[in-house]
Amino acid sequence: MRTEKSAKGRASAAVMMLAIACAAGLPRIAGAETVLRIGMTAADIPRTLGQPDQGFEGNRFTGLTMYDALTMWDLSAADKPSVMIPGLATEWAVDDADKKKWTFKLRPGVTFHDGSPFNADAVVWNVEKVLKQDAPQFDPSQVGVTASRMPTLASARKIDDMTVELTTKEPDSFLPINLTNLFMASPAKWQKLFDAAEGVDTKAKSQAAWAAFARAASGTGPWKMSSFTPRERLELTKNENYWDKARVPKVDKMLLLPMPEANARTAALLSGQVDWIEAPAPDAVKEIKQRGFVLQTNEEPHVWPWQFSRIEGSPWNDIRVRKAANLCVDREGLKDGLLAGLMVPATGTFEPGHPWRGKPTFEIKYDKPAAQKLMQEAGFGPAKKLSVKIQTSASGSGQMLPLPMNEYLQQALAECYFDVQLDVIEWNTLFTNWRRGVKDPSANGANATNVTYAAMDPFFAMVRFLQSSMAPPVSNNWGFINNPKFDELVTKARQTFDPAARDTALAELHAASVDDAAFLYVAHDVAPRAMSPKIKGFVQPKSWFVDFSPISMVP
């Protein structure tokens, strides 16, 4: 199946011309400083107070830039998977006698941007900002994007200045990976703001302190905040005193600009208003290359899915319907047509060759007759369509081109007796709704949601969706999947500390999820980025994240 492109092309051209005119108003920075200007897909600057929103685009731009975590990702290579490496912790180990206790040795000599020291007290303080409700620095607004990504972490305890003990609710071999999402903000900077804040009580003063912290952030990362205008721009400067001298940025400043519309981003690049854009308009790829700009792509651990409701009464509770949807989509047609080659067809969360792929028996492919047959067996046909409603966004972190892609699926599934309604909302609202679940009024009657997900580690790739105890508000089991086999395999993998044996358990879990058609698996992103030829030294890793430090700008 192919989507007609003529009308879309004319509309895109009109929007492009308008966007070029608008882009002329973007700020330019004069002088001898080297400045990297980036157009993001987000509609707003991700939160800057330490735990970003806006999904993993937020982590990419306002998390990993200004902040560090105890563990981090190796983003130095384009030809191998990104793996976890030491960050603010130099080493860690689980207690042989009690697998719920972990000891982390901290990196000496690290300071926050405000000059205060990073130490064990800072780690405990940052754990308690999202876990300890009676702590002065506890911030409910940071809990949703943090606790759901490390749901077993229970507490932190200082052993000495450079050693902390972390305790989990149950044995959890995934903890060190989960900790890549807990960014370390400066307790000293926050305390100074708290002491100066006005408020009727501690809670009000704490909220005021966090609001002030967001305007003048202090982490330990390679970039420091220099100016911030909400919804317009964030300016970062290089941290000359960064603890890893090899990762002190090579450009002086980085300017982040929200540009949620693909054609507007592309126009800004082509007109010289920015140097780099995330997710350019696919129908402009040819012109981008012809004009001498560089297109960077690399398959990343990413899935573009529909996540199904499994509560009572959901049309997706019939496995024949779930399988039919997976068989009714021409992914190659989507790739070659609408997306101009900028995707990899998905046949699960992991593709053959990955250690967690396993051996699923259900083969996800384009087979419309088989899909129609399954739907007829389920009681549907040309005269009786199955109504389904999908909640999606118009843009967002990793969302690729969500509206055109969902319109493609809408047309494709219509040929298999589905009547698909689209509920299109703003990206950050969709992301928030994802954690609230299908039972929440925010679902607006939808029985599927379209939020892309990272597949870098076991928890992010599978556990948070498939384990019944990860249903909202704990994590992202939006549809309330409750499959005892999934739960058994999750427990087996989580409590297996031998890497090879854990891989085997995870492969079993993935195969079981594909055989159950747990999602409508559509695409893997290739993270397309278009950039000026002046940009040198950039490495596009196999990751959602990138390292901006090695990038330089030539005249």
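What counts as what
Residues numbered from 1 in each chain as written. Predicted model: local features only at pLDDT ≥ 70, side-chain atom pairs only at ≥ 80, totals over all residues. Heavy atoms only, no water. Helix = DSSP H or I, 4+ residues; strand = E, 2+ residues; numbered from the N terminus. Expected span 1.5 Å × (residues − 1). Buried < 20%, exposed > 50% of the residue type's maximum accessible area, 1.4 Å probe, protein only. Arc of directions from axis to C-beta. Contact = heavy atoms within 4.5 Å. Pairing = 2+ DSSP bridges. Axes fitted to C-alpha atoms, helices over the stretch in contact; angles between N-to-C directions. Polar contact = N/O pair within 3.5 Å; in protein donor to acceptor, adjacent residues only side chain to side chain.

Caption draft 1: Spatial organisation of helix H13 (residues 402–414). Between its first and last C-alpha, H13 extends 18 Å over 13 residues, near the 18 Å set by a 1.5 Å rise per residue. If you check which residues of H13 are buried, you get Pro402, Met405, Asn406, Tyr408, Leu409, Ala412 and Leu413. Buried residues of H13, viewed axially, fall in a sector of 150°; they line one side. The inward-facing, buried residues of H13 contact strand S13 (302–308), helix H10 (319–327), helix H11 (331–336), strand S15 (386–393), strand S16 (418–425) and strand S19 (519–524).

Caption draft 2: Layout of the environment of Ala394. Positionally, Ala394 belongs in the loop between S15 and H13. Residues in contact with Ala394, not counting those within four places in the same chain, are Pro402, Val424 and Ile425.

Caption draft 3: Just the sheet that holds strand S6 (residues 153–160), in detail. Pairing in this open sheet of four strands is antiparallel, and the strands run S4-S5-S7-S6 from one edge to the other. Only two strands of the sheet have a single neighbouring strand rather than two, namely strand S4 (89–94) and S6. Each neighbouring strand pair of the sheet contributes to a mean axis angle of 20°, computed without reference to strand direction. When S6 meets strand S7 (residues 163–168), the two strands line up antiparallel, connected through six bridges. Counterpart to Leu153 in the pairing with S7 is Thr168. The strands that helix H3 (residues 120–131) touches are strand S5 (101–106), S6 and S7; relative to S6, the one it contacts most, it runs at about 165°.

Caption draft 4: Just the side chain of Thr392, in detail. With respect to the helices and strands, Thr392 occurs in strand S15. The class for Thr392 is buried, based on a relative accessible area of 0%. A polar contact of 3.1 Å, which involves the side chain of Thr392, links it to the side chain of Asn406. At 2.8 Å, the side chain of Thr392 forms a polar contact with the side chain of Asn450. Once you skip the residues sitting within four places of it in the chain, Thr392 turns out to touch Gln399, Pro402, Asn406, Asp423, Val424, Ile425, Leu430 and Asn450.

The values are spatial; any link to function lies outside them.
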